[in-house]
4 protein chains.
Amino acid sequence: MEKVNVGVIGVGRIGRLHARNLKYQIPGTKVLAVADIFEKSTKEVASQLEIPIAEKDYQVLLENKNIDAVVICSSTDTHAQIISEAAQAGKHIFCEKPIALDVEKIDQAIDAVKKAGVKLQVGFNRRFDPSFKKAKDMVAKGTIGTPHLVRITSRDPEPPPISYIKVSGGIFLDMMIHDFDMARYLLDQEVVELMAVGSCLIDQAIGKAGDIDTAIVTLKYENGAWGTIDNSRKSAYGYDQRIEIFGSEGCVIVGNPTPTEVTINSAEDTKTDKPLYFFTERYQEAYLAEMKEFIKCIQENAKPLVGGFDGKISVQMGYAAKESLIKGSFVKITK
Amino acid sequence: MEKVNVGVIGVGRIGRLHARNLKYQIPGTKVLAVADIFEKSTKEVASQLEIPIAEKDYQVLLENKNIDAVVICSSTDTHAQIISEAAQAGKHIFCEKPIALDVEKIDQAIDAVKKAGVKLQVGFNRRFDPSFKKAKDMVAKGTIGTPHLVRITSRDPEPPPISYIKVSGGIFLDMMIHDFDMARYLLDQEVVELMAVGSCLIDQAIGKAGDIDTAIVTLKYENGAWGTIDNSRKSAYGYDQRIEIFGSEGCVIVGNPTPTEVTINSAEDTKTDKPLYFFTERYQEAYLAEMKEFIKCIQENAKPLVGGFDGKISVQMGYAAKESLIKGSFVKITK
Amino acid sequence: MEKVNVGVIGVGRIGRLHARNLKYQIPGTKVLAVADIFEKSTKEVASQLEIPIAEKDYQVLLENKNIDAVVICSSTDTHAQIISEAAQAGKHIFCEKPIALDVEKIDQAIDAVKKAGVKLQVGFNRRFDPSFKKAKDMVAKGTIGTPHLVRITSRDPEPPPISYIKVSGGIFLDMMIHDFDMARYLLDQEVVELMAVGSCLIDQAIGKAGDIDTAIVTLKYENGAWGTIDNSRKSAYGYDQRIEIFGSEGCVIVGNPTPTEVTINSAEDTKTDKPLYFFTERYQEAYLAEMKEFIKCIQENAKPLVGGFDGKISVQMGYAAKESLIKGSFVKITK
Amino acid sequence: MEKVNVGVIGVGRIGRLHARNLKYQIPGTKVLAVADIFEKSTKEVASQLEIPIAEKDYQVLLENKNIDAVVICSSTDTHAQIISEAAQAGKHIFCEKPIALDVEKIDQAIDAVKKAGVKLQVGFNRRFDPSFKKAKDMVAKGTIGTPHLVRITSRDPEPPPISYIKVSGGIFLDMMIHDFDMARYLLDQEVVELMAVGSCLIDQAIGKAGDIDTAIVTLKYENGAWGTIDNSRKSAYGYDQRIEIFGSEGCVIVGNPTPTEVTINSAEDTKTDKPLYFFTERYQEAYLAEMKEFIKCIQENAKPLVGGFDGKISVQMGYAAKESLIKGSFVKITK
């Protein structure tokens, strides 16, 4: 295939990151246009990255015949609508997670994609982290035998602003959604039911905004394996993202990468680095790898590894967790 | 105080280990007698360790005025009765866990100890492991701020024989009982309710014997912190005993010790040792330290760090877990 | 300052790497031209990276008034001459190590730079590795007190072709030259004498080409500290680049980074990744950081951290090592 | 064979350690007697460990027909003489290192042992450290192919008193002698020549006493491999004892054991334990293992793994190092 011409919709932190990766690190791609409701940002990004077209309205991009694919990084509430329109315009679609907080809207978006026969990849970037991918591959190869237990730890360095918390959908749909996807990805199996506990231990303002900041979810997989996920909105030592899969023949563990390999032996103790600070540092390679994968799927007419169903089921797991938290018992996951 | 004269009741693997530690590594102690219903073993141990008295009947030891303390390592179903009799005979008591599988019997034993005013220490040896003790001390000193999450992993290298499983009381009372005690010990706080899941993933014969071999329990502490424990009866890489306490200011993690500090860099990967094989290797220092503590409590007339209440509450947590497994919901812990 | 216009001279592996970094990752820079005696390569690179000018003759670049700086990545024997000419043409200069194998030529090049008043930075990229830089900064801050011992390990995954060995100047001038610079950098001190041993243990063809493949050098610093460097041309487990600085108050150690953070616990042992394969993987960040530093020095009219003297002294250390190997005793380093 | 009756000569720190190990941890042994010129200490040890005979004069032990073997832990200047007398008395001999500082005396002692046909084991305890032994076994099995480089680091937490330094024979004969033995042991090969450098960087009083406190020695093995040893009399972070053997197929590295497996993640960095403090902590298992080996050699009439020749050659390496330090060049090792 020829060069893939891409338009980026939404140029906040993640949108810029994707635009820069597409521009500089992915051969066979051309970033033809950016669009964002904040005109100033759009022009700034376009000028900085030498992108020819900068629009306020994303629909101008959809109408542009030269654009093959769009990368949707606008606010969550606009994702589903833009997906549908982009699909109708025949564009391939990369969309940041979640597709929507409303399952009906997700279904409509997925339907539109199906009808149009375009590609849809959802931004579960962690699947492209070299460590998590290696762990998954080991499991798939049978290195640890039959999986029995999955443990996922996911802790952010700082909670987001309360204003964000209020519209986020809550910890299960905003934060643990990544871990739900990871849980399914690692074993290549569905979770059939789950049980959530949690409370507000970090900041009471989060509680007042109707959310919790600390949570543990227990998962049951379709083949009988068990999993646990723990989340905290505030880890004093930075971004903590670890997983462990225990099986009949062994155990695969993924730890946190650090900025350097320096060890200091002192009279008090032995010191090494704390983990990389947050997701842009930790998942730098993963963000690039997922975008390379998207472009490759377009060029080779292949099915993206993370599709609409993955985007939908993780949202449904989030709702199941919310329901379980209230009920105090296991809740089955609707498919 | 003078030398503490000790009698060891039950000389199976653990009884011998305690006798040897008392004999050779704890100054200020004299192992005066051993008793076991298997006469041959008793004589063997007595001869090997040069212990003057070897009896079939433990009551002979209780009647011996020269004996200050007994170490009870006989089968679980005899613990409570021997504790009561030993207390009445004015002996200080070290008893292997659990005190009994019947809470009423535990209460009777604790009552007898109270009335007699003797010391009772229960054999939760892991509290004396240097790594777990350091972790607990860090938490107590406030190193990690307010604790929010506790994670305990406990996996045995091999399941016990099915004959043992049948009389063990099940995974929660036989195996996870140690982790219940560890959970309370690490935060110096009670668990108020818990939720158990689990199933038979390793050996169907364990299921036929009415037990499970894989389990996850979620704990709620009285101050609002949360915990999880995972247990497996069979870890291919040996005894896996790790903990993690996450708090507002940091996280303390305890890993597995290994036999050597050797690393091999090869063309394929980097190899280090697997963990120490099982509890006698892993907790060698802990077994010695708990016995030193017991003798010290007698000599200095101090209260043992692990008493009757600790022995009782861990059994009650085991029953709560059994109940939760059936109910599929949280169960409060009776005190 | 305005945008820095750069010309890259020599577009082999390292030249391309620098061109790509300058083009895509260093804002405030424009790669205006490339030159290489291999016309095809030059055009290829220019087309791929959208560089306007592609020349066979580097002198065309020197005559171009729009070019502010050149990055010299041609073969070693051309470095000194191009430096002199570029200086006379008023261009700032980044030059790959070594400046030359002939000290007189180095002096001439340094003189030309001095007269012209342009910047010269030599490509000792390892100084910009985040781990080594942190180690050096710790030492400078006094974290380990007064340094007593420096240990540097440097082992390549594969020896270069024999044809390269023949013109390389030998292991001390081709390979250990990086470690000589590192030794000086870490303590910010000169080495006054050194002693070399070594032999041909990997491939006899290297010996026939007049070189050795395994070497140890002992260093004496001006303030009395001691150092050792070991080099091997073939490490079965990949690129091994570690350092250690031991001082009166502690020790700083730098280990090898790995591709992932995955640990596999198996019935045999515990496995982690081997180190990153070779220098382009290991020093990816360092190559970018040194070029950012060079551009910043031009923009802010600052003195480069690695100058002509650093380029010269490391070559002199290489000759001292060669002499010591023959003599079997310590050799003083000429300055 | 029957029980081995042992007499311990010299009951300072190491003598007591061996006596306690023999008494309590090595079945098939009886500590029949202790002797030491300090009568009070002798009686104290005898009473504490319930050893029947306590003498001032070691010769009384040699005359005692019931004693099969002696463990010589008296001051270095007495070792050779006691070995000779013990051999003549038909006793098997374990002797702490070094046999003597005078090679002629070592030869006489070895001759006496040979004539008498008794066993002689020299106390190079580090050979029995589980990590070093595993490393050596890996090398012997060919795990790393042909060895090319050996690196040994050996740093004490504190220098000994100046009074001790004065009679110690100097850093090479007192401290590095262990590393010389380790160097030979790891490759099961002789060192043919060596080159020493060093100086007084820690305490000038050590220099005034005629010794140095920091040293590096480069070794050449008979098959062409190279080695380096570094020694420091004062490591702020405790006992640092590491080795590394690099070969054609890989590398074996031994790190320092630590008291616990605790990791603390804090807002500043990640902290783990410093190494075990000094040799009694680090080599606890090794001291026991070497004594078990000695007793086993007697019982099974086998040749000790560390004999008179090992004791002699390590002293000769120490003298070669002293000579090299003065000469500033390589010195061949006399055998």
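Attention here is on the structure that accompanies the text. Keep in mind that this is a model prediction, so the values were computed, not measured.

**Details of the overall build of chain A**
Part 1 of the argument: If you tally the helices and strands in chain A, you get 13 helices and 15 strands.
Part 2 of the argument: On C-alpha atoms alone, chain A measures out to a radius of gyration of 20 Å, which is about the 20 Å that the 2.2 N^0.38 rule sets for 335 residues.
Part 3 of the argument: Viewed in the frame of its principal axes, chain A has a C-alpha envelope of about 55 × 50 × 45 Å.
Part 4 of the argument: Once local pairs closer than 6 in sequence are excluded, the contacts in chain A between residues at least 24 apart make up 71%.
Part 5 of the argument: Of the roughly 12,800 Å² of accessible surface on chain A, a fraction of 50% belongs to carbon and sulfur atoms.
Part 6 of the argument: Separation of charge centres in chain A, based on 42 positive and 45 negative side chains, amounts to 1 Å.

**Here's the deal with the environment of Ile82 of chain A**
Residue and element names in this part refer to chain A.
Part 1 of the argument: Looking at the element boundaries, Ile82 is found in helix α4 (residues 76-88).
Part 2 of the argument: In the structure, Ile82 is positioned 70 residues away from Gly12 in sequence and 17 Å away in space, judged by C-alpha atoms.
Part 3 of the argument: Beyond its immediate stretch of four places on either side in the chain, Ile82 contacts Ile9, Tyr58, Ile72 and Ser74.

**Section: the relation of the copies chain B and chain A**
Part 1 of the argument: Superposition record for chain B on chain A: RMSD 0.0 Å, screw rotation 180°, translation along axis 0.0 Å. Given the turn and translation reported, the copies of this chain are related as if by a two-fold rotation axis. Judged by C-alpha distance, Ser329 of chain B is the residue of chain B that lies nearest the rotation axis, at 2.5 Å.
Part 2 of the argument: By residue overlap, the copies meet face to face through one surface: 100% of the interface positions of chain B are interface positions in chain A.

**Some thoughts on the nonpolar core**
Part 1 of the argument: By size, the foremost hydrophobic cluster in this structure holds 205 residues, and its most contacted members are Ile93 of chain B together with Ile93 of chain D.
Part 2 of the argument: Residues in contact with Ile93 of chain D, not counting those within four places in the same chain, are Val70, Ile72, Ile83, Ala86, Ala87, Val113, Val118, Lys119, Leu120, Gln121 and Phe294 of chain D.
Part 3 of the argument: Counting 204 residues, the second-largest nonpolar core is a separate cluster that includes Ile67 of chain A together with Ile9, Leu120 and Ile144 of chain C.

**A word on the sheet that holds strand β2 (residues 29-35) of chain C**
Two strands in a sheet stick together by hydrogen bonds in their backbones, pointing the same way (parallel) or opposite ways (antiparallel).
All names here are of chain C.
Part 1 of the argument: Judged by pairing direction, the sheet is parallel, and its six strands sit side by side in the order β3-β2-β1-β4-β5-β6 without closing on themselves. Only two strands of the sheet have a single neighbouring strand rather than two, namely β3 (53-55) and β6 (120-122). Adjacent strand axes in the sheet meet at a mean angle of 20°, parallel and antiparallel pairs treated alike.
Part 2 of the argument: As judged from the three bridges shared by strand β5 (residues 92-95) and β6, these two strands associate in the parallel manner. The partner of Cys95 across the bridge, within β6, is Val122.

**Topic: the environment of Ala19 of chain C**
All names here are of chain C.
Part 1 of the argument: Considering the arrangement of structural elements, one finds Ala19 in helix α1 (residues 13-25).
Part 2 of the argument: The spacing of Ala19 and Ala33 is 14 residues in sequence and 9.6 Å in space, taken between C-alpha atoms.
Part 3 of the argument: Apart from residues lying up to four places away in sequence, Ala19 is in contact with Val8, Val31 and Leu49.

**Considerations on the side chain of Asn265 of chain A**
Part 1 of the argument: Along the chain, Asn265 of chain A turns up in strand β13 (residues 262-266).
Part 2 of the argument: Looking at Asn265 of chain A, the relative accessible area reads 9%, which means it is buried.
Part 3 of the argument: Setting aside residues up to four positions removed in sequence, Asn265 of chain A forms contacts with Thr270 of chain A, Glu249, Gly250, Cys251 and Ile253 of chain C together with Tyr237 of chain D.

**What about the interface of chain B and chain C?**
Part 1 of the argument: Contacts between chain B and chain C engage twelve residues on the former and twelve residues on the latter.
Part 2 of the argument: Buried surface at the junction of chain B and chain C, summed over both partners, amounts to about 1,100 Å²; 50% is from carbon and sulfur atoms.
Part 3 of the argument: Summed over the shared surface of chain B and chain C, the result is zero salt bridges.
Part 4 of the argument: The interface formed by chain B and chain C holds six residue pairs in polar contact (both at pLDDT 80 or more) in total.
Part 5 of the argument: Those elements that provide at least two residues to the side of chain B that touches chain C are β13 (262-266) and β14 (270-272) of chain B.
Part 6 of the argument: Looking at the side of chain B that touches chain C element by element, the count peaks at three residues for β14 of chain B.
Part 7 of the argument: The residue makeup of the side of chain B that touches chain C, split by class, is three nonpolar, four polar and five charged.
Part 8 of the argument: As defined by bridge partners, β14 of chain B adjoins strand β14 (residues 270-272) of chain C across three bridges and the pair is classed as antiparallel. Along β14 of chain C, the bridge assignment pairs Thr270 of chain B with Thr272 of chain C.

**Digging into unusual backbone geometry**
Part 1 of the argument: Between Lys97 of chain A and Pro98 of chain A the backbone carries a cis peptide bond, its omega angle lying at -10°.
Part 2 of the argument: Checked against the element boundaries, Pro98 of chain A lands in the loop between β5 (92-95) and α5 (103-116).
Part 3 of the argument: A positive phi is found at Glu50 of chain B, a non-glycine position, where the angle reads about 55°.
Part 4 of the argument: Despite not being glycine, Asp188 of chain C has its phi angle at roughly 55°, a positive value.
Part 5 of the argument: With respect to the helices and strands, Asp188 of chain C occurs in the loop between α9 (176-187) and β8 (191-199).

**Some words on the pairing of strand β5 (residues 92-95) of chain B**
All names here are of chain B.
Part 1 of the argument: Residues His92 and Phe94 of β5 are buried on one face, and the alternating residues Ile93 and Cys95, pointing to the opposite face, are buried as well.
Part 2 of the argument: Examined bridge by bridge, strand β4 (residues 69-72) and β5 share four bridges and lie parallel to one another. Of the residues in β5, the one forming a bridge with Val70 is Ile93.
Part 3 of the argument: Note on the crossover from β4 through helix α4 (residues 76-88) to β5: the handedness is right-handed.
Part 4 of the argument: What joins β5 to strand β6 (residues 120-122) is helix α5 (residues 103-116), and the crossover it makes is right-handed.

**A closer look at the relation of the copies chain B and chain C**
The operation linking the two copies of the chain is a rotation about an axis combined with a translation along the axis.
Part 1 of the argument: For the pair chain B and chain C, the relating rotation is 180°, the translation along its axis is 0.0 Å, and the fit reaches an RMSD of 0.0 Å.
Part 2 of the argument: Comparing contact sets, 100% of the residues at the interface of chain B also lie at the interface in chain C, consistent with an isologous, same-surface contact.

**Details of helix α12 (residues 284-299) of chain B**
All names here are of chain B.
Part 1 of the argument: Between the first and last C-alpha of α12 there are 23 Å, a value that for 16 residues agrees with the 22 Å anticipated at 1.5 Å per step.
Part 2 of the argument: For α12, every residue scored as buried is listed here: Ala286, Tyr287, Leu288, Glu290, Met291, Glu293, Phe294, Ile295, Cys297 and Ile298.
Part 3 of the argument: Just past α12, the residue Asn301 takes up positive phi, approximately 50°.

Thresholds applied
- Residues numbered from 1 in each chain as written.
- Chains lettered and ligands numbered in written order.
- Predicted model: local features only at pLDDT ≥ 70, side-chain atom pairs only at ≥ 80, totals over all residues.
- Heavy atoms only, no water.
- Helix = DSSP H or I, 4+ residues; strand = E, 2+ residues; numbered from the N terminus.
- Rg over C-alpha atoms; globule rule 2.2 N^0.38 Å.
- Contact = heavy atoms within 4.5 Å.
- Areas by Shrake-Rupley, 256 points an atom, 1.4 Å probe, with all protein chains shown as cover.
- Lys, Arg positive; Asp, Glu negative; His and termini not counted.
- Charge placed at Lys NZ, Arg CZ, Asp CG, Glu CD.
- Least-squares fit on C-alpha atoms with pLDDT ≥ 70 in both.
- Core = buried A, V, L, I, M, F, W, Y, C linked by side-chain atoms within 4.5 Å.
- Buried < 20%, exposed > 50% of the residue type's maximum accessible area, 1.4 Å probe, protein only.
- Pairing = 2+ DSSP bridges.
- Axes fitted to C-alpha atoms, helices over the stretch in contact; angles between N-to-C directions.
- Buried area = accessible area lost by both parts, 1.4 Å probe.
- Salt bridge = Lys/Arg side-chain N within 4 Å of Asp/Glu carboxyl O.
- Polar contact = N/O pair within 3.5 Å; in protein donor to acceptor, adjacent residues only side chain to side chain.
- Nonpolar A, V, L, I, M, F, W, Y, C, P; charged D, E, K, R; others polar.
- Right-handed = clockwise from strand over helix to strand, strands pointing away.
- Expected span 1.5 Å × (residues − 1).

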